There are 2 protein chains.
Amino acid sequence: MLELAILGLLKEQELHGYELKKRLSDTLGFASGVSFGSLYPALARLEAAGAVKAVEAKAAVTTPIPLTGSLSGELAAFRARKGVVRGSRGKKVYGITDLGDGLFEELLATESQSNEDDRLFNMRLAFARHLPPDARLGMLERRRAHLVERSVQIRARLKAVRDGYALSLIEHDREAAEHDLSWIDRLIASERAGAHASDPQAKPDHPAASTTTSTSNGAGIPSLSGLRPVDTEEDTAP
Amino acid sequence: MLELAILGLLKEQELHGYELKKRLSDTLGFASGVSFGSLYPALARLEAAGAVKAVEAKAAVTTPIPLTGSLSGELAAFRARKGVVRGSRGKKVYGITDLGDGLFEELLATESQSNEDDRLFNMRLAFARHLPPDARLGMLERRRAHLVERSVQIRARLKAVRDGYALSLIEHDREAAEHDLSWIDRLIASERAGAHASDPQAKPDHPAASTTTSTSNGAGIPSLSGLRPVDTEEDTAP
DNA sequence: TTCCGATGTATCGTGTCGATATATCGGAGT
DNA sequence: ACTCCGATATATCGACACGATACATCGGAA
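Scoring rules and cut-offs
- Residues numbered from 1 in each chain as written.
- Chains lettered and ligands numbered in written order.
- Predicted model: local features only at pLDDT ≥ 70, side-chain atom pairs only at ≥ 80, totals over all residues.
- Heavy atoms only, no water.
- Helix = DSSP H or I, 4+ residues; strand = E, 2+ residues; numbered from the N terminus.
- Buried < 20%, exposed > 50% of the residue type's maximum accessible area, 1.4 Å probe, protein only.
- Pairing = 2+ DSSP bridges.
- Contact = heavy atoms within 4.5 Å.
- Axes fitted to C-alpha atoms, helices over the stretch in contact; angles between N-to-C directions.
- Parallel < 35°, antiparallel > 145°, perpendicular 65-115°, else oblique.
- Left-handed = near helix turned anticlockwise from the far one by under 90°.
- Nonpolar A, V, L, I, M, F, W, Y, C, P; charged D, E, K, R; others polar.

(A) Seen up close, the overall build of chain A. Of the regular secondary structure elements, chain A holds eight helices and three strands. Reading chain A from its N end, one meets helices and strands in the order α-β-α-α-β-α-β-α-α-α-α. A burial count over chain A gives 42% of its 238 residues as buried.

Now the structure itself:
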């Protein structure tokens, strides 16, 4: 599951693991940040599959280790000899390959069978701009159907519960599901209204958001005037 | 994590695995139903720890299964000879032991360290009636603090995102967090108002199995009227 | 009677998580 | 100049939840 997110981020720029984690936790909307225990294995899988590859870190490995008698320095040199070539500070910067690009498209477009984990949907939505408009709409409508079904199930549960706390819990779940549903509806409406215009490369035409005054929230629709990343930001200082 | 739920359900009545799963999926408010792949190992762990034990199934198992710590090998051989006698239909009904009862209390009251997974909180809340009122209140307030912190973090993320879909995603997260917060506030208010010893319906020190009625009404936390946030110490400047 | 679907227990591989080990770098303090 | 400390950074470990799957039995429909 992480693969999709990793590839999506590497599509925009080359990154090393630590930075990747920060972006996963910060810029994407995941409930709990991804841990290293899943990130590094996922990167290893992707590298083994040829979807990403380590690129040369800016400062290369050429940093001469001055044998100044510093204990730590010599230790470092010793370790560096039997290790993989990395950047000046052990960074291992990854970039996406053509194969990885294909894998990304495939993962993004995969028809998730009925289960559709919430996290996975969020993931896909976060990268929805890489999808053609019709696929986007299909994804949203599938999600909607899923939420409707969940809503029904929750309502069924409500009758079976007698304990006060459990009841409140389920009631809250119901509200959350309905809230999700109305959110999806707003997204679908927005998609239908201002739909076309985002290829992976294309820039959105105009903000289509304005109509959504329905529920208290003003910013419900993201006004797809996504200011694309200014440019390829500079790499974090190597 | 499942252990808490299993013990909580077995506290009310003896159940076998399949039924246990149904209750976990139906009556509790878990996003995705618990799978057998986690339920059975959890039951096995609990049995190994002496917290639960298999009881006689109704339909008279005349041949007690010699579970002398035999492992899969013996078990497979045993099963192979066609005569595996459990309940009338192979059911294996579990009951909670005194030791398990203690474990339940311990798990329920454990101070979850700052992380406080959402599912775990839901779990605890579902069994909150087994907690003394002050512990309940403490749990809710810890949860509240957690949500406030999350809210802050989400708001921080909002500034860093430029893509339309990702932005909408985070915005939705923010609303969900605020919704959760107001829900917790209502729970706290309700707890402060009428919760202690004189809860309308039941003061469930012991989950007497005979609490048959009382289903009609929400009972436990009925007054979910719109109450304003409680006055807690920390508030975050918008 | 036969077959099918619901019930029921159990295991396997995979992925994620939290904790932890190791190491480097920049800067604060002394 | 020195050391110590916290942020950066990669990596692995054990625990465990999950989906898939295998196997078995029961109740009833064909």
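(B) Region of the structure containing the sheet that holds strand E3 (residues 93-96) of chain A. Residue and element names in this part refer to chain A. With respect to topology, three strands assemble into an open sheet ordered E1-E3-E2, the strand pairing being antiparallel. Each end of this open sheet is capped by a strand with a single partner; those strands are strand E1 (15-16) and strand E2 (52-55). Where E1 lies against E3, two bridges are found, and the strand directions are antiparallel. The residue of E3 that forms the bridge with Leu15 is Tyr94. Of the strands in this sheet, E1, E2 and E3 touch helix H1 (residues 2-12), which is tilted by about 90° from E3.

(C) Summary view of the sheet that holds strand E1 (residues 15-16) of chain B. Residues and elements named next belong to chain B. Pairing within the open sheet is antiparallel, and its three strands lie in the order E1-E3-E2. With one partner strand each, in any of the chains shown, E1 and strand E2 (52-55) form the two edges of the open sheet. Strands in contact with helix H1 (residues 2-10) are E1, E2 and strand E3 (93-96); relative to E3, the strand with the most contacts, it is inclined by about 90°. Of the strands in this sheet, E2 and E3 touch helix H3 (residues 36-48), which is tilted by about 100° from E2.

(D) The packing of H1(B) against helix H5 (residues 98-109) of chain B, seen in detail. All names here are of chain B. At a minimum axis distance of 9 Å, the contact between H1 and H5 shows a crossing angle of 130°. When the axis of H1 is compared with that of H5, the two are oblique. The crossing of H1 and H5 is left-handed. Side by side, H1 and H5 meet where Glu3, Leu4, Leu7 and Gly8 of the first sit next to Gly100, Leu103, Phe104, Leu107 and Leu108 of the second. Class assignment of the residues belonging to the contact of H1 with H5 gives a composition of six nonpolar, two polar and one charged.

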